[in-house]
Amino acid sequence: MESVKRARVAKGAAMVAGAVFSVGVACAALVPTSAFKKATLPQVKAMLEKDNGKVSGNTVTYGKNANVVAAAVLPGFPFPSFEIHHVKNPTLDFPAGATVKFTFINTNKGFGHSFDVTKKGPPYAVIPQIAPIVVGTGFSPVPAAGKFGYATFTWHPAAGTYYYVCQIPGHAATGMFGKIVVK
Ligand SMILES: [Cu+2]
């Protein structure tokens, strides 16, 4: 069942990847694919442990110097989804004006993903029109040869409600997003 679902998402992604790629290129704020660095699985696991949020239920709360480490999609986690601080698609809480350092790692063999921040909430279309406002990775390279791509970027959020979203076609529409609350 799961493999059927994956195959369907992959087919949709292949059909419209060209269209979405040009959307990504149009957004100058996104970290380009070429800026991704490579890490091994042990290095990825060490990076994940550096997330400095505090978990309460489905929310991860950060202080003024937030170090957010997000992975997509670690083995054992439902596809497609993000994992942050061992929680699937958690709500992230930041104080307004915090320095938020994001590290986004793609640990999902065979698939690219993105991590973009937007004001637009769900529901999302197959090709999400989210107009990323501040930060984001653009599309990650697909993991290969035991190495995983990661990218970092910093955000100084104003108060408000935001969402982090994967822009790969079909991913946000099937649940690859989470909420961000800044106050
Ligand atoms: Cu994705």
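Worth saying up front: this structure is predicted, and the values here are computed from it rather than measured. Along each chain, numbering runs from 1 in the same order as the chain's sequence is written. Totals for whole chains, interfaces and linings use all residues, but because this is a predicted model, local features are given only for residues with pLDDT of at least 70 and pairs of side-chain atoms are given and counted only at 80 or more.

**As for the pairing of strand E12 (residues 177-182)**
Then step 1. Pairing between strand E7 (residues 91-94) and E12: three bridges, direction parallel. If you follow Asp-93 over to E12, its bridge partner there is Val-181.
Then step 2. Taken together, the six bridges between strand E11 (residues 160-165) and E12 define a ladder with antiparallel strand orientation. Bridge pairing in E12 links Thr-161 to Val-181. We call two strands paired when DSSP finds no fewer than two bridges between them. Helix and strand labels come from DSSP, where a helix needs a run of H or I of at least four residues and a strand needs a run of E of at least two; each type is numbered from the N terminus.

**So, the sheet that holds strand E1 (residues 37-39)**
Then step 1. One open sheet accounts for six strands, arranged E1-E10-E8-E4-E5-E6; its pairing is mixed. The outermost strands of the open sheet, each flanked by one partner alone, are E1 and strand E6 (87-88).
Then step 2. Bridge count between strand E5 (residues 83-84) and E6: two bridges; the pairing is antiparallel. Bridge pairing links Glu-83 to Lys-88 in E6.

**Describing unusual backbone geometry**
Then step 1. In this structure, the amide linkage connecting Ala-72 to the following residue, Val-73, adopts the cis form with an omega of -15°.
Then step 2. The omega torsion of the bond from Pro-122 to Pro-123 falls at 5°, within 30 degrees of zero and hence cis.
Then step 3. Counting through the fold element by element, Pro-123 comes out in the loop between strand E9 (116-118) and strand E10 (148-155).
Then step 4. In this structure, His-85 takes a positive phi of about 50° despite not being glycine.
Then step 5. You can see His-85 is positioned in the loop between E5 and E6.
Then step 6. To sort residues by exposure, count the other C-beta atoms lying within 10 Å of each residue's C-beta; 20 or more gives buried, 12 or fewer gives exposed, and values between give partly exposed, all with C-beta atoms placed from the backbone. Judged by the 19 C-beta atoms lying within 10 Å of it, His-85 is partly exposed.
Then step 7. For Ala-131, which is not glycine, the phi dihedral falls at a positive 45°.
Then step 8. Here Ala-131 is to be found in the loop between E9 and E10.
Then step 9. Residue classification places Ala-131 among the exposed positions, given that 12 C-beta atoms sit within 10 Å.

**Quick word on the pairing of E7**
Then step 1. In terms of strand pairing, strand E3 (residues 59-61) meets E7 through three bridges, oriented parallel. Bridging across to E7, Val-60 finds its partner in Leu-92.

**So, the nonpolar core**
Proteins that are soluble and globular tend to have nonpolar side chains buried together.
Then step 1. Grouped together as the largest cluster of nonpolar side chains are 40 residues, with contacts concentrated most on Val-68, Ala-70, Tyr-164, Val-165, Cys-166 and Phe-177.
Then step 2. Breaking this core down by element, the ones donating at least two residues are strand E4 (65-72), E7, strand E8 (99-106), E10, E11 and E12.
Then step 3. With six residues, the top contributor of residues to this core is E4.
Then step 4. Leave out the neighbours within four places in its chain, and Tyr-164 touches Phe-82, Phe-115, Asp-116, Val-117, Phe-177, Gly-178 and Ile-180. Note on terminology: a nonpolar core is a set of buried residues of type Ala, Val, Leu, Ile, Met, Phe, Trp, Tyr or Cys, with members joined through C-beta atoms within 7 Å. Here, residue contact means that the backbone-derived C-beta atoms of the two residues sit within 7 Å.

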